[in-house]
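# Reading the structure
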Amino acid sequence: MTKANSLSRWLAAAMAALMLLALLPARVWAAESTAYDTDGATAFTFTDIAITAKDGDYTGYDIDGTAPAIDALDTYIVSGSCQSGSITVKKGVTGVTLVLSGLTLTADGTAAIACNKSSGVTIVAQDGTANILSDTETNNDDSYPDNTDAENAVIKCKDGSQVTLCGSGSLTVNANGKNGIKSGATTDEEGEAWLVIRDLTLTISAPVNDAINAEASLTILSGDLTMDAGDDAVHSDYYLTVGAAGTDGPTITVNSCNEGLEAADLSIAGGNITIHAGDDCLNAANSDLTGYAFTLSISGGTLVMDTTSGDGIDSNGWLVINGGAVTAAACSDSGDAGIDATMGITINGGTVAASGNMYDQIDGGAQNYVVFSFASRQNGGQTYTLQNADGETVGTWTPANDFTCLVVSSPDLTAGDYTLWQGDTQLAGTMSDGVGSPGGGRHMGGEAPPADLDPWQAPEGEVPENAGSEVPDDPPERPDGEMEPDGRESPAGGRGPGGGEGGQSAAGLSKTFTLSDGGSFFNGLSPTETTEASE
């Protein structure tokens, strides 16, 4: 082949690749790249009484006092401080980049940033800058119905809007009205809606309602998020995806909330997630949907969660754990479980330590698990160590809350003999018939999983086309029939299955726990003599 022919072929291939990239939706690029160009950008500098504008290559905006309205594609750099102002991207305007460069902005009775219907906006916290967005109490049309300007969120992304929050700076959102960030619905008229968060250091205080609320699709790929919420920390009516396969994922810290992460279809593929909740820490649910195939899948990440009232993890459909490290502590004082699912639980991988006062049956999976049911309530904060016959530690767990039932699963759990220690005290128990095997078990109500539910193909948290979780043009079709949430009560005495009435004394208990392949169940766990655990 001549050099000329080789060069021609290379140029043809390069041109074809460029043409293909040109056909890709711009929103995919916006969601996957943090790069932005400020050359030729328009700059807005806020004060309490006015905005100073320095025009760039485009002048597609209007300013009314301290409220700029953007009506054309451009990059806008916003800075300064204002006690009563707002930024609006008008309906149908796409290709807008808002660069927050040391902006402190409070909106009086409305949203600090409003991305109107069918808009396409990337909001960037500029590197090295701290930015603060706030609203006031009157930004809530439930409490203030006469306020026609209320948007019910500090950052409001309306129906059909496609918005990315990113950047290596920081953003603090103070929601005094209702929600911190609100993303709209996918509709036939306005189109597909999604919200993507990545890279950003984001702090949200939302004492009235949700820190982040999406009506269609929400994807949190990376970044460092800290939240306090009066209701849900993160809620999506349909799809919520956290992390992506092969990445570290985000760091999410929820200091206080009602529900932690909630969606009809919740997928966690990575991240470092800590949740202190008032109700369920993770929840696959939506009270407005009937007959929906709710799914909660975990394939990666480190999750440490506890609640003061509710389950550690609760799915109104299926729960599938394929990977990750999951620690979930249910409420100390109620008949709740560390992991709970109405239609069934499958564990294929990862490590699981779920504590509570009830055992919700595990229906199978490729990985062994063991259930320890104690004769009396155990205090939270104590460490439990499982050792194999050679004295090697295969698992250590410290449940945060009081409990009577501990469910653990790990790739290191193989059939054989084990000992269990509470600190330096060896425990003893008896094996019960509450055992399962891979692929076995039952589903609540006697129903089998849907034919198209493949636990090994649970969502992996990858960024799908259009930069959100894969949202159809129309909301998902709802199957006939209604799936009621799990309403079971704790067994008598707050103990899991296999426990005798009033518990069981230490007499006749075995210090050796013999695990079989699949699931093993031991009850009546009680301390024996105090002994130094072997190394």
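A quick note: this is a predicted structure, and the numbers were derived from the prediction, not measured.

This next bit is on the overall build of the chain. Summing up its helical and strand segments, the chain has two helices and 38 strands in all. Per-residue burial over the chain gives 54% buried out of 535 residues. Contacts in the chain between residues far apart in sequence, at least 24 positions, make up 66% of those at least 6 positions apart. For the chain, the exposed surface amounts to about 21500 Å²; the carbon and sulfur share of it is 48%.

So, about the confidence of the model for the chain. Overall, the predicted model of the chain reaches an average pLDDT of 84, with 78% of residues at or above 70. Taken together, the stretch residues 435-449 has pLDDT below 50 and engages in 37 contacts with residues farther than four places along the chain or on a different chain. Predicted confidence for residues 530-535 stays below pLDDT 50, and this span has 12 contacts to residues more than four positions away or in other chains.

By the element assignment, Ala72 lies in the loop between β4 (67-70) and β5 (74-82). Considered as a pair, Ala72 and Val93 are 21 residues apart in the sequence and their alpha carbons are 6.1 Å apart. For Ala72, the residues in contact, after removing those within four places along its chain, are Gly60, Val93 and Val96.

Turning our attention to the nonpolar core. Core analysis: the largest hydrophobic core is formed by 92 residues, its most contacted members being Leu98, Ile123, Ile212, Ile275, Leu282 and Ile313. Considering every element that reaches this core, the biggest residue donor is strand β7 (residues 96-107), with six residues. In this structure, Ile123 is in contact with Leu98, Leu100, Ile113, Cys115, Ile155, Val163, Thr164, Leu165 and Cys166, ignoring residues within four places of it in sequence. Judged by nonpolar contacts, the second largest core, of 19 residues, contains Tyr384, Phe403, Leu413 and Leu420.

Let us look at the packing of aromatic side chains. Any aromatic ring pair is given by two values, namely how distant the centres are and how the planes are angled relative to each other. Here the structure, examined in full by the defined rule, presents 12 aromatic pairs. Ring centres 6.3 Å apart and planes at 35 degrees place the aromatic pair Tyr238 and Tyr239 in the tilted group. Accessibility expressed as a relative area gives 11% for Tyr238, which makes it buried. The exposure class assigned to Tyr239 is buried, which follows from its relative accessible area of 12%. On the basis of an interplanar angle of 75 degrees and a centroid distance of 5.6 Å, the ring pair of Tyr384 and Phe403 is categorised as edge-to-face. Here Tyr384 is found in strand β32 (residues 384-388), whereas its partner Phe403 is found in strand β34 (residues 403-409), with 19 residues between them in sequence. Residue Tyr384 shares its accessibility class with Phe403, and that shared class is buried.

Cut-offs applied
- Here the residue numbering is sequential within each chain, running from 1 through the sequence in written order.
- Residues qualify for local features only when their pLDDT is at least 70, as the model is predicted, and side-chain atom pairs are given and counted only at 80 or more; totals for whole chains, interfaces and linings, by contrast, use all residues.
- For side-chain calculations, the full set of non-hydrogen atoms in the structure is used, while hydrogens and water are omitted.
- Numbering of helices and strands runs from the N terminus, with a helix taken as a DSSP run of H or I at least four residues long and a strand as a DSSP run of E at least two residues long.
- Only protein chains enter the accessibility calculation, which uses a 1.4 Å probe; a residue whose area is less than 20% of its type maximum is buried, one above 50% is exposed, and one in between is partly exposed.
- By the convention used here, residues are in contact when the closest approach between their heavy atoms is within 4.5 Å.
- To be clear on the numbers: accessible area is Shrake-Rupley with a 1.4 Å probe, and residue cover counts the displayed protein chains and nothing else.
- pLDDT is defined as a per-residue confidence score from the predictor, taking values between 0 and 100.
- Nonpolar core, defined: a set of buried Ala, Val, Leu, Ile, Met, Phe, Trp, Tyr and Cys residues in which side-chain atoms within 4.5 Å join the residues together.
- The aromatic pairing rule takes the rings of Phe, Tyr and Trp, using the six-membered ring of Trp, and pairs them if the centres are within 6.5 Å, calling planes under 30 degrees apart stacked, those over 60 edge-to-face and the rest tilted.

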